[in-house]
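# Close look at the chain arrangement
Residue-level listing of the chains:
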Amino acid sequence: MNPSSTCCRVRPAIRPVTLSRRYASTSPPNSAKNRWLGIVLVSAAAAGAGAYIRSQTPQSGTLNPEKFTKYSLVAREPVSATSSLFTLRPRYPSDSNYDVYEDAWRTGVWSVMFKQPQLQIGRDYTPLPTTAATSLSVDEENEGYLRFFIRKDPFGEVSRYLHTLKIGADIEMRGPQIECAIPKETNEILFIAGGTGIAPALQAGYSLLSRTTRENRPRIHILWASRLREDCIGGESDTAKAPLRRSWYSGWFGSSESTPSSTRAVAAVSPKQATSLIVKELEALKSQYPEQITVDYFLDEENRFIGKQDISKLIESTGPTDGLRKSKMILVSGPEGFISYMAGPKVWAQGQELQGPLMGIIKELNLKDWGVWKL
Ligand SMILES: Cc1cc2nc3c(=O)[nH]c(=O)nc-3n(C[C@H](O)[C@H](O)[C@H](O)COP(=O)(O)OP(=O)(O)OC[C@H]3O[C@@H](n4cnc5c(N)ncnc54)[C@H](O)[C@@H]3O)c2cc1C
């Protein structure tokens, strides 16, 4: 796939969330007439503001890309010291959410924008698919519950705000935004995820594997790099070797070597620690689609990083494409620096975020018929 192909979303420049205006204050009126005038003006302004706010208040419970829809925070479960699993439900009932979500799931990787109301800024987050490991009941699914894996950036405006909300608080969101449509002829995905980039990887897995039929058995390989072991506690690598303890300076650009491949368990588990909620999701997909998904874990704190060999090994291990375009995709998702290192930076031009040229370590590989997309 050509990086300039249009299966996926070109991100527009950051849109203003809502317009908020500030008027310069004037000196207070000094006569009774002026006082009355002031009261009248203030009342009119208040009434106007109320009408404006009411007109802007989303009463519809159906997620849509135009207006923000209110959701309530139902639960926030810690995954690690720096990330949590958020469960949200539409504040107002709607019969349509199931269909809205289903369209997005069928299409590929999607996100929604959350609003930080005090600062009037928005950030994108990725709904997690519902797997067998999910605690959502059928009713909750029907009621339009959504779940998110969100990392708290200690200096980040929106993620910090979300982590301070009390259960029951409102969160406004709009969407879905399709980040990358997975073409129907796709039968192999290599997903390289850094940190919370695992959320779109779960989406891609769910979307691709749910197309499984007797004749069509697509496959996905996920390479997931995390900072901390606790993010992926309990995860066992399927193809990568056990971690090497390396010195800090040799770690960044290296990869696995020298440990017997029979040794598994990259994210080794202490018996006291429960399996991470995200690992449970990955395991659930694996048991639902055996032989169709592999996951390998890489940990900064164990000095083990995704290297060229890890990617090329998976590329080499797949068969020919039967000449079908877009049947093999490499998707890269994670923090900016991670994407740049893997595939080169995305670029801004004419108010839009574009893919930019393919660079990074992936460019150095013999990609053959694999297309690359930076999320
Ligand atoms: C499509 C998409 C899907 C996403 N899905 C998820 C998801 O599922 N889960 C998730 O956790 N995240 C996800 N993200 C990332 C998310 O949108 C936010 O970027 C992230 O939560 C940080 O936002 P923030 O407002 O907390 O941080 P920001 O306020 O944007 O700050 C981010 C970092 O930049 C630094 N910074 C800010 N301003 C400056 C400055 N002027 N100079 C220097 N440094 C500065 C801050 O200190 C902070 O460390 C997704 C992003 C995209 C594009």
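Residues numbered from 1 in each chain as written. Predicted model: local features only at pLDDT ≥ 70, side-chain atom pairs only at ≥ 80, totals over all residues. Heavy atoms only, no water.

### Describing the overall build of the chain
The secondary structure content of the chain amounts to 10 helices and 14 strands. Residues classed as buried in the chain amount to 47% of the 375 residues present. Once local pairs closer than 6 in sequence are excluded, the contacts in the chain between residues at least 24 apart make up 74%. Accessible area for the chain stands at about 19,000 Å²; split by element, carbon and sulfur atoms hold 54% of it. (Helix = DSSP H or I, 4+ residues; strand = E, 2+ residues; numbered from the N terminus. Buried < 20%, exposed > 50% of the residue type's maximum accessible area, 1.4 Å probe, protein only. Contact = heavy atoms within 4.5 Å. Areas by Shrake-Rupley, 256 points an atom, 1.4 Å probe, with all protein chains shown as cover.)

### Looking at the environment of alanine 204
Tracing the sequence through the fold places alanine 204 in helix 5 (residues 198–209). Measuring from C-alpha to C-alpha, the distance between alanine 204 and isoleucine 189 comes to 8.3 Å, with 15 residues separating the pair along the chain. When sequence neighbours within four positions are dropped, the list of residues in contact with alanine 204 reads Val109, Ile182, Ile189, Phe191, Ile220 and Leu331.

### So, helix 8 (residues 308–316)
Buried within helix 8 we find Asp310, Ile311, Leu314 and Ile315. Buried residues of helix 8, viewed axially, fall in a sector of 130°; they line one side. Residues of helix 8 that are buried in the fold lie against strand 8 (188–194), strand 9 (219–226), strand 10 (293–299), strand 11 (328–333), helix 9 (336–343) and helix 10 (360–363). (Arc of directions from axis to C-beta.)

### Focus: the UniProt feature "binding site: FAD" (unreviewed entry) in the chain
Mapped onto this numbering, the UniProt entry annotates "binding site: FAD" (unreviewed entry) at Arg123, Tyr125, Val158 and Ser159. Across 37 residues, the annotated set stays spatially compact, with a maximum C-alpha separation of 10.6 Å. Here valine 158 shows up in helix 4 (residues 157–164). Each residue touching valine 158, except ones within four places of it in the same chain, is listed here: Gln116, Ile121, Arg123 and Tyr125. According to the relative accessible area criterion, serine 159 is buried, its value standing at 7%. Not counting chain neighbours up to four residues away, the residues in contact with serine 159 comprise Tyr125, Ile150, Arg151, Lys152 and Asp153. Among the polar contacts made by the side chain of serine 159, one reaches the main-chain amide nitrogen of aspartate 153 at a distance of 3.0 Å. (UniProt positions renumbered as here; feature names shortened; annotations may be inferred. Polar contact = N/O pair within 3.5 Å; in protein donor to acceptor, adjacent residues only side chain to side chain.)

### What about the nonpolar core?
Ranked by internal contacts, the top residues of the largest apolar core, which has 34 residues, are Phe191, Ile222, Trp224 and Ile278. Those elements that provide at least two residues to this core are strand 8, helix 5, strand 9, helix 7 (277–288), strand 10 and strand 11. When residues in this core are grouped by element, the largest group, 7 residues, is from helix 5. Each of two domains, domain 1 (60–180) and domain 2 (182–374), supplies a minimum of three residues to this core. (Core = buried A, V, L, I, M, F, W, Y, C linked by side-chain atoms within 4.5 Å. Domains from an automatic or database assignment.)

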